[in-house]
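# Architecture at a glance
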Amino acid sequence: MTARRFWLAFTTAAVLGATPAHAYLKFGVEVGGRTVAVRWAPGPIRYFITDREVGGVSAQAFGDAIGRASATWSGVPGLPVSFSPQGLTRSQPLEADGRSTIGFLDRPDQERVLGATTFLLDATTGALIEADVYFNTRFRWSTAAAGEVGAVDLESVALHELGHLLGLGHSAIGETELGGGGRRVLSSGAVMFPISGPSGSISDRVLQPDDVAGVRDLYGALPADDFGSVQGRVTKSGRGVYGAHVVAASLESGELVASYTLSSTGEFVIAGLRPGPYILRVEPLDDADLESFFGAANVDIDFAVTYATVIPVVQAGGATSPVTVEVRTR
Ligand SMILES: [Zn+2]
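Residues numbered from 1 in each chain as written. Predicted model: local features only at pLDDT ≥ 70, side-chain atom pairs only at ≥ 80, totals over all residues.

## Some words on the overall build of the protein chain
Basically, it comes down to this: Put simply, DSSP marks the helices as runs of H or I at least four residues long and the strands as runs of E at least two long, and each gets a number from the N terminus on. Any residue surrounded by 20 or more other C-beta atoms within 10 Å of its C-beta is treated as buried, while 12 or fewer makes it exposed and the intermediate range makes it partly exposed; C-beta atoms here are placed from the backbone. Contact criterion: two residues are in contact if their C-beta atoms, reconstructed from the backbone, are within 7 Å.
A count of helical and extended segments in the protein chain gives 4 helices and 21 strands. Put simply, the protein chain has 330 residues, and 42% of those count as buried. Expressed as a percentage of contacts within the protein chain between residues at least 6 apart in sequence, the contacts between residues at least 24 apart total 70%.

This is the structure we're talking about:
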């Protein structure tokens, strides 16, 4: 039936990690000359938990943490998919067995990778066959309700990885700085930001507006009557800019939702916005994180942070007239 199968993988960089060394992001897969979004058919997403205790985290505690993270995603209004635990398995993540398997895996070779999500897709239709998630045993993990100093919060990383499993790529809403042996997160406005917060932190157990807008957009779960979008183009000397990060900040609620320009024409659309006025900020992607977003060359990062000179007002059920943001070389 299937001539070929292929894997996609997303990884999450560790606390104080450097550039995510194994990360590559695809927003879709090419099937027969067209691009198909990676997402699940409506209905339950069945998954298995590995029967393995690691560093004091029992299979039961592990499964409970995955259950809490999956319930957080399932709580997003209007999603046509849900998570359905199928119990324990002796399979390992990364085994292509038709089962979606979530568990610990020994990856001493990936010293900065906390976890990763991989997909097995039907190469002729692009349909998802399975998705596996692993958590690297190289780290100390915790499922403590209040978090644990010196350990990584399993539920927080699970929420990020399950976002990948649903088909989301990385969000660039966040800032990092280099210092003392690695890259440190200064602020993060999305669970799908690719670099984890400090150990012991449990702040990523909660979805941010960008995560919710992203998953609702991916699954067509945005009621046209309630939300709108802003669209436009990022240019430099009049020519389109590829890979620019465009952030819409609501003047009323302060919520941030972002997108990218995904072609050389520099066009962007940010969907899933509540009606109201928005400030648009265009910024280059952090060069240290480039490969975790695009994995490809040609992303233009040589321009200064620029704000749109107009304040578009999003109407429910429609898109704004196109906003052009001209940036300059920095
Ligand atoms: Zn990730």
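So much for the structure itself; the text now carries on.
## Description of the environment of Glu148
By the element assignment, Glu148 lies in the loop between β9 (141–142) and β10 (152–153). Measuring from C-alpha to C-alpha, the distance between Glu148 and Gly200 comes to 4.6 Å, with 52 residues separating the pair along the chain. Not counting residues up to four positions away in its chain, the partners in contact with Glu148 are Ser142 and Gly200.

## Brief notes about the confidence of the model for the protein chain
Under the convention used in this document: Values of pLDDT, which run from 0 to 100, indicate the predictor's confidence residue by residue.
Looking at the protein chain as a whole, the pLDDT averages 81, with 81% of positions reaching at least 70. Low pLDDT, under 50, characterises residues 1–27; the stretch is placed with 87 contacts to residues that sit more than four places away or in other chains.

## Considering the nonpolar core
For the record, the criterion: The term nonpolar core refers to a set of buried Ala, Val, Leu, Ile, Met, Phe, Trp, Tyr and Cys residues connected through C-beta atoms within 7 Å. What fixes the domain bounds is an automatic or database domain assignment.
Counting 70 residues, the largest nonpolar core has Leu154, Val246 and Ala248 as its most contacted members. The element best represented in this core is helix α2 (residues 154–166), accounting for 7 residues. Both domains that meet at this core, namely domain 1 (5–216) and domain 2 (222–327), each give it at least three residues. Excluding residues that lie within four positions of it along the chain, Val246 makes contacts with Val234, Ala258, Ser259, Tyr260, Thr261, Phe268, Ile270, Leu280 and Val282.

## Section: helix α1 (residues 59–74)
As a reminder, the rule being used: The length a helix should cover is 1.5 Å for every residue beyond the first. Of all possible arcs, the one meant is that of the directions from the helix axis to the C-beta atoms.
The end-to-end C-alpha distance of α1, which contains 16 residues, comes to 22 Å, matching closely the 22 Å that a straight helix rising 1.5 Å per residue would cover. For α1, every residue scored as buried is listed here: Phe62, Gly63, Ala65, Ile66, Ala69, Ser70 and Trp73. Down the axis, α1 shows its buried residues gathered within 160 degrees of arc, on one side only. Exposed positions of α1 whose direction lies more than 90 degrees from the buried face are Gln60 and Ala71. Against the buried residues of α1 lie β4 (43–50), β5 (81–89), β6 (101–105), α2 and α3 (209–218).

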